[in-house]
Amino acid sequence: MTTGTLISRMAEPQFRTPKGTHDVLPEEQRYMTYIKKAVRHRARQAGYKRIDPPIFEYRSIFERGIGEHTDIVEKELFAVSGKSAEADKAGTFALRPEFTAGICRAYIEHGMQQLPQPVEFFAIGPCFRHDRPQKGRYRQFHQFDLEVIGLKDPSLDAQLIHVITNIFADIRILDRLTLQINNIGTAENRKAYVQAIKDFFVGKERQLPELDRSRLETNPLRLLDSKEEDTQILVKNAPKLEQFLDEESRQFHATLLEYLDALGVSYVPNPGLVRGLDYYTQTVFEFWDSNTGAQNAVGGGGRYDGLIELLGGKPTPGVGFAGGMERIMWHMKEAGVQAPHKDQMDVFVAQLGPEAKKTCLRLIADLREKGVHSVGALGEASLKSQMRLADKFEAKFALLLGKMEVKRETIILRDMKAGKQQEVPFAGIIEKVIELLGEKNLDTYTLRDQFVGPTDD
Ligand code: AMP
């Protein structure tokens, strides 16, 4: 029974999730787990270590890192107050809108420049943006994130992108996506370009829609990927960022593309791709839905060679990526990917009478211990209604223990699919169930450690 089928039977609930948030229900968890497994596996293969920065940080980290005039900070930052709401209305902290700024803060705070470079991290968890909710755009959503910090070479960008394409291939959505890639030059290149854009728009301001007119002041690069038609027409004749790239950036990009070819990664060069975060330098890339384009990108990333210095560390290069789990999940469902799961119920135990109940309590615990997924109706319902419940749980087998069976030291074993049952000795029932299920289908695990025993020192 899925949660969806329950909804129609329920009365209007008193409380609902806040706008733009959603419960990740059990039937969605199997997709989440599948994605997380692929991320963890590919990250481990490539030497990335897991990091969990806090869910909230000083908001200045995001303001300074991502940029005060970006949409993410200006419109979408979720401010939180460290004190009681009354005492601090402005909010000293903010919920993380993404991982990169927090991870760079952690790199500096823990002196990780002392470690062998590059330091590679991965993170998975919720992020928050106070955006206008719509399809594929939430206020609380989940990202997986990969960061490579401490060295600069196009081979690192290429390897990062290759890890991501492997993840998308593993979860079978790579063929639905297009990798768009660009180089936006160094901070100096962009400064010169921003000036050129401003000069170009002198006298044309009035032709711009209001939002873009203010962006011309605060963040002119955003005009390049404006969704406004009037702006798009004007931008066609504006100077191109490409013309402002220095030789090093051009060479870096050409080499990166060569490396991607060598790794067999397909891409579409996109000179218009800028991304909405200030910290990017040189490489930027996004994975677009091949059908709908930029609107519902499943992930994006790029190089941020100035960010760590901006946050108070020594100049340190970095490159990273973030993927949106909800959008990835949507693609998996569209592609008909059946995320495997281990939630099936193997055995349903039904009982009648106080003696039988006590015996069944032990039986269920022993079955679980052996790795058999088991539940039991331990209420007072009739055997018939317990069997109906077994059906709803979609259990493979049911075990029935009534007063007669307790006396005879037997138990009834019912194959739910075949609808056939037999009375068998109680003594060997667990072995019998295991034989029917097959040893390889048991859900057992061992926690292994690397304990080597106490040492003298
Ligand atoms: P960004 O770095 O802003 O491009 O975000 C990286 C990825 O996170 C996007 O490509 C989306 O897949 C996902 N994402 C960003 N914002 C949201 C949101 N409000 N709701 C759902 N997913 C989002």
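Now for a look at the structure at hand. (Residues numbered from 1 in each chain as written. Predicted model: local features only at pLDDT ≥ 70, side-chain atom pairs only at ≥ 80, totals over all residues. Heavy atoms only, no water.)

### A short note on the nonpolar core
- Formed by 49 residues in total, the largest nonpolar core has its most connected members in Phe 121, Ile 149 and Phe 201.
- Sequence-distant contacts of Phe 201, defined by excluding residues within four places in its chain, comprise Leu 208, Leu 216, Leu 223, Leu 234 and Val 235.
- Listed in part, the 41 residues of the second largest apolar core include Ile 124, Phe 144, Ala 158 and Leu 179. (Core = buried A, V, L, I, M, F, W, Y, C linked by side-chain atoms within 4.5 Å. Buried < 20%, exposed > 50% of the residue type's maximum accessible area, 1.4 Å probe, protein only. Contact = heavy atoms within 4.5 Å.)

### So, the pairing of strand S9 (residues 283-289)
- Along S9, seven of the seven residues are buried, which leaves the element largely enclosed by surrounding structure.
- In terms of strand pairing, S9 meets strand S10 (residues 299-303) through four bridges, oriented antiparallel. When the bridges of S10 are listed, Phe 287 appears paired with Gly 299. (Helix = DSSP H or I, 4+ residues; strand = E, 2+ residues; numbered from the N terminus. Pairing = 2+ DSSP bridges.)

### Topic: the packing of aromatic side chains
- Inspection of every chain in the model, using the stated rule, returns 15 aromatic pairs.
- Ring geometry for Phe 56 versus Phe 93: centroids 5.3 Å apart, planes at 70°, classification edge-to-face. Linking Phe 56 in strand S2 (residues 56-58) with Phe 93 in strand S4 (residues 93-95), this pair joins segments that are 37 residues apart in sequence.
- Given the relative accessible area of 16%, Phe 93 is considered buried.
- Here Phe 78 and Phe 128 contribute two aromatic rings whose centre-to-centre distance is 6.4 Å and whose plane-to-plane angle is 80°, an arrangement assigned as edge-to-face. (Phe/Tyr/Trp six-rings, centres within 6.5 Å; stacked < 30°, edge-to-face > 60°.)

### Some details on the sheet that holds strand S7 (residues 177-183)
- Spatially, the eight strands line up as an open sheet ordered S1-S5-S6-S11-S10-S9-S7-S8, and their pairing is mixed. Since the sheet does not close on itself, it has two edges, and those belong to strand S1 (49-50) and strand S8 (268-269), each with one partner.
- Examined bridge by bridge, strand S5 (residues 119-128) and strand S6 (residues 140-149) share ten bridges and lie antiparallel to one another. In the sheet register, Phe 122 faces S6, and the bridge partner there is Leu 146.
- The strands that helix H6 (residues 154-170) touches are S6, S7, S9, S10 and strand S11 (318-324); relative to S9, the one it contacts most, it runs at about 15°. (Axes fitted to C-alpha atoms, helices over the stretch in contact; angles between N-to-C directions.)

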